[in-house]
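The lines below spell out each chain.
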Amino acid sequence: MELIITEKDNAARRIADILSGESASAERENGVNVYKWGGKRCVGLSGHVVGVDFPPEYNDWRDVEPHELIDASIQKTPTKENIVATLRLLSRKADRVTIATDYDREGELIGKEAYELVREVNDDVPIDRVRFSSITQREVTEAFDNPDDLDFDLAAAGEARQIIDLVWGAALTRYLSLAARQLGDDFISVGRVQSPTLKLIVDREREIEAFDPEDYWELFADLGKDDEEFEAQYYYLDEDGNEAERVWDEATAESVYEELQEASTATVSDVDRRTRTDTPPAPFNTTQFIRAASSLGYSAKRAMSIAEDLYTAGYITYPRTDNTVYPDDLDPEELLDDFVGHSELGESAEDLLDLEDIEPTRGENETTDHPPIHPTGEIPVRGSDVDDDEWEVYELVVRRFYATCAEPAKWEHLKVVADIGEHTLKANGKRLVDPGYHAVYPYYNTSENHVPDVSVGEDLAIGEVRFEAKQTQPPRRYGQSRLIETMEKMGIGTKATRHETLEKLYDRGYVESDPPRPTQLAKAVVEAAENYADHIVSEDMTAQLEKDMDRIASGEVSLEDVTDESREMLEQVFAELRDSREEIGDHLQKSLKADKQLGPCPESGHQLLVRRSRRGSYFVGCDGYPDCEFTLPLPSTGKPLIMDETCEEHEMHEVKMLAGRQTFVHGCPMCKADAAGEGPAVGPCPECHEEHDGELRVKTLRNGSRLVGCSRYPDCDYSVPLPRRGNVVVIEDEVCDEHGAFSIHVEYEDSDRDPWELGCPICNYREYQARESDSGTGLEALEGIGAKTAEKLKEAGIESVDDLKEADPDEVAGAVQGVSADRVRGWQANA
């Protein structure tokens, strides 16, 4: 029996279909899919199924000092025991094994892990390695026809990264967490790549906070020829002879403004016409793909997740690549021909095939592992093979390939200079003469600015003159794609890990919002590192280690050489930290507390803080505890995030709750608590009315939750939930025949949404429970929501149709990449 091992289950299924001619069947072994046909078996791993860790005796944070981890032994243990057990079972029976994991550093390491698991139970079986850049019929067949050996040097480079990241991350994380007495789920995380990346974000925030804006003024005038008007801007020549539009002295600006207003004509003194060639972009590497996907609204993580799904389905090439030069064996005309006749992509392909010569662009980076990201020629069907998000990303990849095969665009620029006495105005016009690659790649701005054709000496009428006071602006925060570009330029991380590093910063609470903004804790961690051990946040150190790992891959140095060097660096860091534990701990604790402050306690004057109970729930408590026991509740779901907005009445910061990747605004905890109480009657309690005259009423709890509950609580705890948002209105003219309860509507004052008519709250909740029972989340039942979209909504905290009805469309669109607010409103209308 021949055993084929792939990196993931969906790759195993795809490869099995290709090699078997779609005759493979699937069976389950230990809960793992095994695809079989003839004498072959194919099984997919789940990425790394073996992890590196310290022996168990190092797990006790209080008994083992952080620096002891530097030289601790490293062991490998299964992390996916059912997959490992299945792999061992199949390996015992195999007379040949083929490893078909992804072809990069991580994929080679995963292949080596599989190799070692096979060897544990079968010493003699031949083991081959196959490599491909797209999971298509041609590439997979060619790869299996020409097997190779595992590249142990490349795998060792990946293993070195694992070991170094484990040792650095564990030792420094434990040190800082113990110093700040921040243990459990809220430990302080530090990492070899994570920390220099965090410093980039913090440094940019420091620039923003330290920025001192300067006032300046700009002047504009409308110039007219015949019936055409166009805008021109005042400029002057600075000390270096360069054109300057900003006037830094208000009196000068006002003087020029008055003189321009008094004039009736401007005389054209110069007309400059030129044509500019706009070169098509280079092929996609990982970083540029993430940047392009970001312009469509996809986070780095989401873009890569979709790209990986498209790769394993055979629609695009491997998405983790630094290469920006197509390989010699890529025939662009042959690939373009695959799209001819397609309803959405065919016309552009046909136009490109009409060109006399197709010579794709070349980028600056040429590597030998994977080609740039491009389509394979296998085209998915939108709506069945891929959902809307996947199609949008797929089309982006296809059209980028089109753009690299297209001709340059041509722009015509017209600069008109006109004089008004001693003052000069200029107008810059541009027109797209030949769209070139823009015709097939509509993702770049091609807006035009019309300026009429004028001649030197011609007088132009002066219309409205404008005088605009402005201020210089601070630098922008890094967007996700820009941050990843900067990391690439500085040598921080790899193409496979940069977006994951950014995601870790979000998960650990170091950054929030998008573009990412550092929290007080993030600033404190960076400041502590800078003050006591700069190596922790040094990009030079981590970039050098990345180069060393490349040297391992090329066989120049060994894994042991690089990991030993890394441990020596870490020893130096701890030598710098040794006498500063108390100061670092105090610094971190103050910053942790600053991140949790809401405002003054109404009873003691101390600060109110977001706290966490022993059971894991969040609440608001006084920093003066135990002398002051004042508390306020918070919603039971989600993690609280403190907002900049402050309640005027209570001088308290508002709170939003993070549930999955979605947030909902809770508001001022004091206001929510003050609003608690019973509202209007709804009808008889179905459980106790006959015996005790129990009555259902609308109730608001102190944590902001709303429900319809029995007036006899706690003697009767019957209740059904109500939406958190909107105004609850009881419609007494509408009475349920079955329960005698009034109908409930939810109205949204600050929205164009129509009221949500719940009807009888008892019937509504029963229908909700029935839908949940029949369809899991129930979301798939709505037109336009498939299984993948439903899963994304669920990750964002939208777990049911009722959740979707209640949700704010703009917030859902912000939380679920690739979903527009209008699309959400359509789902809500169907619901």
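Everything below is about the structure shown above.
Computed from a predicted structure; not experimentally measured.

Before we move on, can you summarise the sheet that holds strand E18 (residues 597–600) with the specific residues and values?
Pairing is antiparallel across the open sheet formed by four strands, whose spatial order is E18-E19-E20-E21. For this open sheet the edge positions go to E18 and strand E21 (631–633), each flanked by a neighbour on one side alone. Taken over all neighbouring pairs, the strand axes of this sheet differ in orientation by 30 degrees on average, direction set aside.

Residues and numbers for the packing of aromatic side chains, please.
For the structure on display, the rule yields 16 aromatic pairs. Look at tryptophan 61 and phenylalanine 187: their rings are 6.5 Å apart centre to centre, the planes differ by 65 degrees, and that puts the pair in the edge-to-face class. Residue tryptophan 61 is located in the loop between strand E5 (50–53) and strand E6 (75–78), and its partner phenylalanine 187 is located in the loop between helix H5 (152–179) and helix H6 (194–210); the two are separated by 126 residues in the primary sequence. Residue class for tryptophan 61 comes out partly exposed when judged on its relative accessible area of 27%.

Describe the packing of helix H16 (residues 539–553) against helix H17 (residues 559–577), naming the residues involved and giving the relevant values.
In contact at an axis separation of 9 Å, H16 and H17 are set at 165 degrees when each is read in the N-to-C sense. On the basis of their axis angle, the class for H16 and H17 is roughly antiparallel. By crossing handedness, the relation of H16 to H17 is classed as right-handed. Residues Met541, Leu545, Asp548 and Ile552 of H16 touch H17, and the partners they reach there are Leu559, Val562, Glu565, Ser566 and Met569. For the contact of H16 with H17, the per-class residue count stands at six nonpolar, one polar and two charged.

Hey, could you go over the environment of alanine 533 for me, with residue numbers and the actual values?
One can find alanine 533 in the loop between helix H15 (520–532) and H16. For alanine 533, a relative accessible area of 0% corresponds to the buried category. Between the C-alpha atom of alanine 533 and that of glycine 679, which follows or precedes it by 146 residues, the distance is 58 Å. Setting aside residues up to four positions removed in sequence, alanine 533 forms contacts with Ala528, Val573, Glu576 and Leu577.

Just give me the short version of the packing of H6 against helix H14 (residues 498–507), but keep the residues and values in it.
Here H6 crosses H14 at 75 degrees, and the two axes come no closer than 10 Å. As the angle between them shows, H6 and H14 are arranged roughly perpendicular. Mapping the contact onto sequence places Gln194, Thr197, Leu198 and Ile201 in H6 and Thr501, Lys504 and Leu505 in H14. Along the lines of polarity and charge, the residues of the contact of H6 with H14 split into three nonpolar, three polar and one charged.

I'd like a description of the pattern of salt bridges, backed by residues and values.
A complete count under the given rule lists 58 salt bridges for this structure. The closest approach of N and O atoms between glutamate 218 and lysine 470, which form a salt bridge, is 2.7 Å. In this pair, glutamate 218 is assigned in strand E9 (residues 215–225) and lysine 470 in strand E15 (residues 459–471), connecting sequence segments 252 residues apart. Given the relative accessible area of 29%, lysine 470 is considered partly exposed.

Parameters at a glance
- Residues numbered from 1 in each chain as written.
- Predicted model: local features only at pLDDT ≥ 70, side-chain atom pairs only at ≥ 80, totals over all residues.
- Heavy atoms only, no water.
- Pairing = 2+ DSSP bridges.
- Helix = DSSP H or I, 4+ residues; strand = E, 2+ residues; numbered from the N terminus.
- Axes fitted to C-alpha atoms, helices over the stretch in contact; angles between N-to-C directions.
- Phe/Tyr/Trp six-rings, centres within 6.5 Å; stacked < 30°, edge-to-face > 60°.
- Buried < 20%, exposed > 50% of the residue type's maximum accessible area, 1.4 Å probe, protein only.
- Parallel < 35°, antiparallel > 145°, perpendicular 65-115°, else oblique.
- Left-handed = near helix turned anticlockwise from the far one by under 90°.
- Contact = heavy atoms within 4.5 Å.
- Nonpolar A, V, L, I, M, F, W, Y, C, P; charged D, E, K, R; others polar.
- Salt bridge = Lys/Arg side-chain N within 4 Å of Asp/Glu carboxyl O.

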